[in-house]
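Next come the chains, spelled out residue by residue.
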Amino acid sequence: RVLESTGISRPNLLSRATRFGAAAAVVAAIVVASAALTGMVSLRAQIDDLKAANSDLDSRVRDAISTKVEVAALTAKLDDAERTSAELLNDNRLDKEILLALMSDQTQVVGVINASDNSSTLGRLIWDGERNTLWFVATGLERLGNGQVYQIWLNAGGSYFSVGTFNADATGFARYTAPIAEGLNDYDGAVVTVEQASSTPVREGPPVFVMDLTKLR
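Residues numbered from 1 in each chain as written. Predicted model: local features only at pLDDT ≥ 70, side-chain atom pairs only at ≥ 80, totals over all residues. Heavy atoms only, no water.

Counting buried residues along strand β7 (residues 189-196), seven of its eight residues qualify, which places the element largely inside the surrounding structure. Across eight bridges, the pairing between strand β4 (residues 148-156) and β7 is antiparallel. Each residue of the ladder has a partner; that of Gln148, found in β7, is Gln196. As paired strands, β7 and strand β8 (residues 207-212) are joined by five bridges and run antiparallel to one another. Each residue of the ladder has a partner; that of Ala190, found in β8, is Met211. (Buried < 20%, exposed > 50% of the residue type's maximum accessible area, 1.4 Å probe, protein only. Helix = DSSP H or I, 4+ residues; strand = E, 2+ residues; numbered from the N terminus. Pairing = 2+ DSSP bridges.)

Let us now look at a nonpolar patch on the surface. Taken together, the side chains of Leu99, Leu102, Met103 and Val109 make up a nonpolar region of the molecular surface, amounting to roughly 400 Å² of accessible area. When residues in the nonpolar patch are grouped by element, the largest group, three residues, is from helix α2 (residues 13-103). Tracing the backbone through its elements, the reader meets Leu102 in helix α2. According to the relative accessible area criterion, Leu102 is partly exposed, its value standing at 43%. (Patch = residues over 30% accessible without salt bridge, like charges linked within 9 Å, V, L, I, M, F, W, Y side chains within 5 Å. Areas by Shrake-Rupley, 256 points an atom, 1.4 Å probe, with all protein chains shown as cover. Salt bridge = Lys/Arg side-chain N within 4 Å of Asp/Glu carboxyl O.)

The strand order across the open sheet formed by eight strands is β5-β4-β7-β8-β1-β2-β3-β6, and the pairing between neighbours is antiparallel. Edge strands, defined here as strands with exactly one partner in the open sheet, are β5 (159-166) and β6 (174-179). Sheet twist, expressed as the mean angle between neighbouring strand axes with direction ignored, is 25°. Where β4 meets β5, seven bridges bridge the pair, whose relative direction is antiparallel. Looking across to β5, one finds that Tyr150 is bridged to Phe166. (Axes fitted to C-alpha atoms, helices over the stretch in contact; angles between N-to-C directions.)

Below you can see the structure in the form of structure tokens.
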């Protein structure tokens, strides 16, 4: 009656339902939008977490690679040091053997003729007939490079047989030893030449030292 007295008609049930439905739709839309926003925020947080995890993984991979490279470099240095140590020990052993051979009454020392242009180059060949072992020492030699080596040959009737190869150290000193099972009685002489390391076992290079072995018979 109050509404009717003011000229406003009372809303019927359909009108009320329509208005309530519209309000509910607005509320539902707000809820959906809020949920969607929350989902977007959660998804962005997940993406950010994945990016951070990926960045951390990349950093760990780089660190692992760097560590692997450092370990490889350290291993190479240790290998070089071990090789150097082994070479020094071997040189020391040979030097002791040569010294004992020079002092022994059972060995023979052969004079070496310098066939090179370097007058300061000196050498000695030492033969131990009981052990059938040959030693060769030289000073003033050039340290060879470019795939070249010094090679010792034994000469029998004009044919040359390789005993082995060696090189001088940084000071120009060289030492070499080799067993000669058959002895040296059948050989006329020995020669040291400069050869290519990859060459066939045929004497081709120029002589550096020449030795007469007939005195050993």
